[in-house]
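Below are the chains, spelled out letter by letter.
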Amino acid sequence: MRVYLARALERSGYEVVAVSTGTEAVPHIQSDRFDLLLTDIVMPEMDGIELAQHAASIAPDMRIMFITGFAAVTLRAGKAVPQAKVLSKPFHLRDLVLEVERMFSSESLTGLN
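Per an unreviewed UniProt entry, the protein goes by the name Two-component system cell cycle response regulator CpdR and belongs to Sphingobium xenophagum.

Shown next as structure tokens:
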């Protein structure tokens, strides 16, 4: 799924760094600047909520989008990272790209960059 998501975003003009686990993402977040963290919530080693909280402490301006297939986990994510967007599975790749575009356009409309 990660490959398809990355490809859809790249085809829409975004630069993507795709990794397989949250622990693999941490060094990238610490050493590079990212505009968006797109993460599944349920993952081995480090769940997406823990990753998002870690990312927010390093880069508070980074936008966060969770993807999940578990409704109960969505509530937990909303409480832990209230500014994050949650996209529920199943979704079409077109929906992902539209949601990412909305995240960036809504912040530029409000004057936030």
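Here we look at the environment of E45
With respect to the helices and strands, E45 occurs in the loop between β1 (36–40) and α3 (48–58). When its relative accessible area of 61% is taken as the criterion, E45 is described as exposed. Between the alpha carbons of E45 and T21 there is a distance of 7.2 Å; along the sequence they are 24 residues apart. Leave out the neighbours within four places in its chain, and E45 touches T21 and T23. Reaching out from E45, the side chain makes a polar contact with the side chain of T23 at a distance of 2.3 Å.

With respect to the sheet that holds strand β2 (residues 63–68)
Reading across the sheet, the three strands line up as β1-β2-β3 and stay open at both edges, with parallel pairing between neighbours. Each edge of the sheet is formed by a strand with only one pairing partner; in this case those strands are β1 and β3 (85–88). When the angles between neighbouring strand axes are averaged without regard to direction, this sheet yields 20°.

Thoughts on the side chain of E99
Tracing the chain through its elements places E99 in helix α5 (residues 93–109). For E99, a relative accessible area of 14% puts it in the buried group. There is a polar contact of 3.4 Å between the side chain of E99 and the side chain of K85. In contact with E99, not counting residues within four places along its chain, are M65, K85 and L87.

Calculation notes
- Residues numbered from 1 in each chain as written.
- Predicted model: local features only at pLDDT ≥ 70, side-chain atom pairs only at ≥ 80, totals over all residues.
- Heavy atoms only, no water.
- Helix = DSSP H or I, 4+ residues; strand = E, 2+ residues; numbered from the N terminus.
- Buried < 20%, exposed > 50% of the residue type's maximum accessible area, 1.4 Å probe, protein only.
- Contact = heavy atoms within 4.5 Å.
- Polar contact = N/O pair within 3.5 Å; in protein donor to acceptor, adjacent residues only side chain to side chain.
- Pairing = 2+ DSSP bridges.
- Axes fitted to C-alpha atoms, helices over the stretch in contact; angles between N-to-C directions.

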